[in-house]
Amino acid sequence: MTSEERELLKRMDAGELDGMVGDMFQTDGGSTVWTIIKNGIPVRFKQGPGGKFFNGKENERYEGVLHTLAKWMTNEERLDFLRKFGWLIHDAAVNAYSAKFKPKK
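Residues numbered from 1 in each chain as written. Predicted model: local features only at pLDDT ≥ 70, side-chain atom pairs only at ≥ 80, totals over all residues. Heavy atoms only, no water.

**Q** Outline the packing of helix 1 (residues 3–14) against helix 3 (residues 92–99), supporting the account with residue identities and numerical values.
**A** The geometry of helix 1 relative to helix 3 is characterised by a closest axis approach of 11 Å and an angle of 135° between their N-to-C directions. What the angle tells us is that helix 1 and helix 3 run oblique. Seen along the crossing, helix 1 lies across helix 3 with a hand that is left-handed. Two secondary-structure elements touch here, helix 1 through Glu4, Glu5, Leu8 and Arg11 and helix 3 through Ala93, Val94 and Tyr97. Its residues assigned to classes, the contact of helix 1 with helix 3 shows four nonpolar, no polar and three charged. (Axes fitted to C-alpha atoms, helices over the stretch in contact; angles between N-to-C directions. Helix = DSSP H or I, 4+ residues; strand = E, 2+ residues; numbered from the N terminus. Parallel < 35°, antiparallel > 145°, perpendicular 65-115°, else oblique. Left-handed = near helix turned anticlockwise from the far one by under 90°. Contact = heavy atoms within 4.5 Å. Nonpolar A, V, L, I, M, F, W, Y, C, P; charged D, E, K, R; others polar.)

**Q** Explain the pairing of strand 3 (residues 41–47) residue by residue, including any values.
**A** Summarising the sheet, strand 2 (residues 32–38) and strand 3 pair through seven bridges and their orientation is antiparallel. Bridge pairing in strand 3 places tryptophan 34 opposite phenylalanine 45. Adjacent in sequence and paired antiparallel, strand 2 and strand 3 are bridged by two residues, among which asparagine 39 carries a positive phi angle near 55°. (Pairing = 2+ DSSP bridges.)

**Q** How would you explain helix 1 if you had to name every residue and give the values?
**A** Given a rise of 1.5 Å per residue, 12 residues ought to cover 16 Å, and the 16 Å separating the end C-alpha atoms of helix 1 matches this to within 8%. Within the sequence span of helix 1, burial applies to Glu5, Leu8, Leu9, Arg11 and Met12. Across the axial projection of helix 1, the buried residues extend over an arc of 160°, all falling on one side. Exposed and facing more than 90 degrees away from the buried side of helix 1 are Ser3, Lys10, Asp13 and Ala14. (Expected span 1.5 Å × (residues − 1). Buried < 20%, exposed > 50% of the residue type's maximum accessible area, 1.4 Å probe, protein only. Arc of directions from axis to C-beta.)

**Q** Break down the environment of glycine 48 for me, citing the residues and quoting the values.
**A** Here glycine 48 lies in the loop between strand 3 and strand 4 (51–54). Those residues in contact with glycine 48 that sit more than four places away from it in its chain are Ser31, Gly64 and Val65.

**Q** How would you sum up the sheet that holds strand 2? Please name residues and give values.
**A** Taken in spatial order, the four strands make up an open sheet running 1-2-3-6, and their pairing is antiparallel. Looking at the sheet topology across the chains shown, the edges are occupied by strand 1 (19–26) and strand 6 (66–71). Sheet twist, expressed as the mean angle between neighbouring strand axes with direction ignored, is 20°. Of the pairings in the sheet, the one linking strand 3 to strand 6 comprises five bridges and is antiparallel in character. Bridging from a neighbouring strand, arginine 44 pairs with alanine 70 of strand 6.

Pasting the structure below:
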């Protein structure tokens, strides 16, 4: 592990990189998918579409089921996440680290 990688992991642990990674997007089935870093752990979520039903008096709305699609827990997994998705994070050091692993055309 390089000193750059140790520094990035230390910043993740401190919560400096917490927040949304990229944008939310909708699947063809209507589910919403998003990725966040919370407490230094990147997690990808998926929430199914909500809906409504008539209960005899009025329409009741309900939210879709929330699923955890992926969780990057270990240091190696978190570094792999930064390599793959670091270009989506608004941080110059993370962008530079991710750019080193961008596939050559």
